[in-house]
Amino acid sequence: MLRQRLTRITIGPSLALLSVLVAGCTQSMGPMDWIGSVAGEQAEAQRWITWYLIYLGAAVFVVVEGLLLYAILKFRRPVEGLPPQVHGHRALEIFWTTVPALIVLAIVVPMVPLTFSFAQPPDEAGALRVEVVAYQWWWEFRYPDIVPGRTITVANELRIPVGRTVIATLSSADVIHSFWVPKLGGKVDVLPGRQKNQLWLNAREPGEYYGWCAEFCGTQHAQMRFRVKAMSAAEFEAWVRARLSPPPEPKEGLARRGFELFGARGCGACHTIEGTPYQGKIGPNLTNMGERSTVGAGVLENDPEGEGLFRWLKNPQAVKPGNKMPNLGLSDDDVRALVAYLRTLK
Ligand code: CUA
């Protein structure tokens, strides 16, 4: 009877614990994992300190619980009167004051220099500077003076060269957000107003790293995603050169009709497409929309067939309710023309 009840009580938690432990066996736990495999110097340090604290905590747990079990088992029989009193036992007092102090010291000693290292970018002089502006619910990335006098502005996808330090200045256009790329580093609050936080990152190897907003900022907080694409220095240079000359205006066909609709339906009042009369500043800059991997800050894939863009333009409120882009009530034909135009922007 008792045994049956015990089995019933323990089986659920045991299975849950087992599944957590088994999940820990995989090398990588997905694109947001930062304690399995990471790709940046700062993330590496964060991973190290996390495991250090987990092991230290586990050691304390084993010792404390071991002593507890020992005491329970050894002194399980009732005694007559009071057990031996230890009040004022000098050796014991010194022991249980010193040991916790040493444990705290073991945490503080590696933690303090590590924390300061997060504030001090390596190779500050050679760093690539970017400005990150958070909006409900998407991200703008600017490369000010990437060549003298020219700034590149993109949305939801930050490209960086491998091995080079990137110093990001963070600001928000509305509420508090938080910038976090688990595999590279972070997370740092993005504040509205005058205070601009800074953060540095670097990527050891080329790849696509996922970033999320890590501070609740409204209904679509969970859909405020971005990607960091780390590429070789040469590829990055080529990308910068391509971005400095805006894509040509389409001259004919469906894309041309899309280009005209972009103005006629008012899209250009909110979005900028460089090299065109469309210079709106409310929504994301769409100059390189055709090369972006996602639509709506990570909500839909920006597939070559334009399915994702189609769904978004047809009714952005159905895809990401509450975002600032209204449902324009466009016909399927108009949406197809706009998709054809936006896909040319690369
Ligand atoms: Cu922005 Cu959460």
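For the structure itself, look to the data block above.
Rules behind the numbers
In this numbering scheme, every chain counts its residues from 1 along its sequence in written order. At least 70 in pLDDT is required for a residue's local features to be given in this predicted model, at least 80 for side-chain atom pairs to be given and counted, and no such filter applies to totals for whole chains, interfaces and linings, which use all residues. Computation of side-chain values: all heavy atoms of the structure, hydrogens and water removed. Only DSSP runs of H or I with at least four residues qualify as helices, and only runs of E with at least two residues qualify as strands; both kinds are numbered from the N terminus onward. With the radius of gyration taken over C-alpha atoms, the globule rule is written as 2.2 Å times the number of residues to the power 0.38. Remark: exposure states derive from per-residue accessible area (1.4 Å probe, protein chains only) relative to the maximum for the residue type, with buried under 20%, exposed over 50%, and partly exposed in between. Contacts were defined at the residue level, with two residues in contact if any of their heavy atoms lie within 4.5 Å. Method for areas: the Shrake-Rupley scheme with a 1.4 Å probe, in which residue coverage is limited to the protein chains shown. Here a strand pair is declared whenever DSSP counts at least two bridges between the two strands. Where helices are involved, their axes are fitted lines through C-alpha atoms of the stretch in contact, as for all axes, and angles between N-to-C directions lie from 0 to 180°. Two aromatic rings from Phe, Tyr or Trp, using only the six-membered ring of Trp, form a pair when their centres are within 6.5 Å; if the ring planes differ by under 30 degrees the pair is stacked, by over 60 it is edge-to-face, and anything between is tilted. Two cysteine sulfur atoms make up a disulfide if the distance between them is within 2.5 Å. By nonpolar core we mean a set of buried residues, namely Ala, Val, Leu, Ile, Met, Phe, Trp, Tyr and Cys, connected to one another through side-chain atoms within 4.5 Å. Both cavities and pockets are sets of points on a 1 Å grid over the protein atoms alone; in a cavity a 1.4 Å probe fits but cannot get out, in a pocket the set is open with protein on both sides within 12 Å along at least five of seven lines, and lining residues sit with an atom within 4 Å of a point. Grid points are joined across faces, edges and corners, and a volume is the space filled by probe spheres set on the points. Residues are grouped as follows: Ala, Val, Leu, Ile, Met, Phe, Trp, Tyr, Cys and Pro are nonpolar; Asp, Glu, Lys and Arg are charged; every other residue, Gly included, is polar.

**Considering the overall build of the protein chain**
Broken down by element type, the protein chain carries eight helices and 12 strands. On C-alpha atoms alone, the protein chain measures out to a radius of gyration of 28 Å, which is more than a quarter above the 20 Å that the 2.2 N^0.38 rule sets for 346 residues. For the protein chain, the C-alpha atoms occupy an extent of roughly 100 × 60 × 35 Å along the three principal directions. Among the 346 residues that make up the protein chain, the fraction classed as buried is 39%. When contacts within the protein chain are restricted to residue pairs at least 6 apart in sequence, those whose partners lie at least 24 apart make up 60%. Only carbon and sulfur atoms are counted for the fraction: they give 64% of the accessible area of the protein chain, which is about 19600 Å².

**Let's talk about the sheet that holds strand 8 (residues 197-201)**
Ordered in space as 3-2-1-5-8, the five strands form an open sheet in which the pairing is mixed. Each edge of the open sheet carries a strand with a single partner, namely strand 3 (150-155) and strand 8. Averaged over all neighbouring strand pairs, the angle between strand axes comes to 25°, with direction disregarded. Relative to strand 8, strand 5 (residues 166-172) is paired through five bridges, and the arrangement is antiparallel. Directly across from isoleucine 167, in strand 8, lies its bridge partner tryptophan 200. Where helix 4 (residues 233-244) meets the sheet, its contacts fall on strand 1 (128-135), strand 2 (138-147) and strand 3, and the angle it forms with strand 3 comes to roughly 100°.

**Some points on the packing of aromatic side chains**
Going through the model one piece at a time under the given rule, you end up with 15 aromatic pairs. Centroid distance tyrosine 135 to tryptophan 138: 4.1 Å. Interplanar angle 5°. Geometry classified as stacked. Relative accessible area serves as the criterion here: at 15%, tyrosine 135 is assigned to the buried category. On the numbers, 5.5 Å between centres and 80° between planes, the contact of phenylalanine 259 with tyrosine 341 is edge-to-face. On the criterion of sequence distance, the pair formed by phenylalanine 259 in helix 5 (residues 253-264) and tyrosine 341 in helix 8 (residues 332-343) is long-range, its members being 82 residues apart. Of the residues examined, phenylalanine 259 reaches a relative accessible area of 6% and is grouped as buried.

**Here we look at the pairing of strand 9 (residues 207-213)**
Sheet faces and side chains relate simply in a regular strand, where the side chains alternate between the two faces. Where strand 6 (residues 177-181) and strand 9 come together, two bridges link them in antiparallel fashion. If you follow tryptophan 180 over to strand 9, its bridge partner there is tryptophan 212. Here strand 9 pairs with strand 10 (residues 225-231) via six bridges, running antiparallel. Residue tryptophan 212 lies in a different strand from strand 10, and its bridge partner there is arginine 225.

**What to know about the state of the cysteines**
Here a disulfide denotes one covalent bond, and it connects the sulfur atoms of two cysteines. Evaluation of the coordinates by the stated rule reveals zero disulfides. Of all cysteine sulfurs in the structure, the one in cysteine 267 sits closest to cysteine 270, which takes part in no disulfide; the separation is 8.5 Å. Judged by relative accessible area, which is 29%, cysteine 270 ranks as partly exposed.

**Points about the nonpolar core**
Counting 36 residues, the largest nonpolar core has Trp139, Tyr143, Phe179 and Leu184 as its most contacted members. Counting residues in each nonpolar core, the second largest holds 23 residues, with Phe262, Leu309, Leu330 and Ala337 among its members.

**Some thoughts on empty space enclosed by the protein**
Applying the stated criterion to the full structure yields two cavities of 30 Å³ or more. Volume-wise, the largest cavity comes out at about 40 Å³. Around the largest cavity, the lining residues are Pro247, Pro248, Glu249, Pro250, Phe259, Ile273, Gly275, Thr276, Tyr341 and Leu345. Here the residues of the lining of the largest cavity sort into seven nonpolar, two polar and one charged. Within this model, the second largest cavity holds a volume of roughly 30 Å³. If you go around the second largest cavity, the residues you meet are Ile152, Thr153, Val154, Arg243, Glu274, Thr287 and Asn288.

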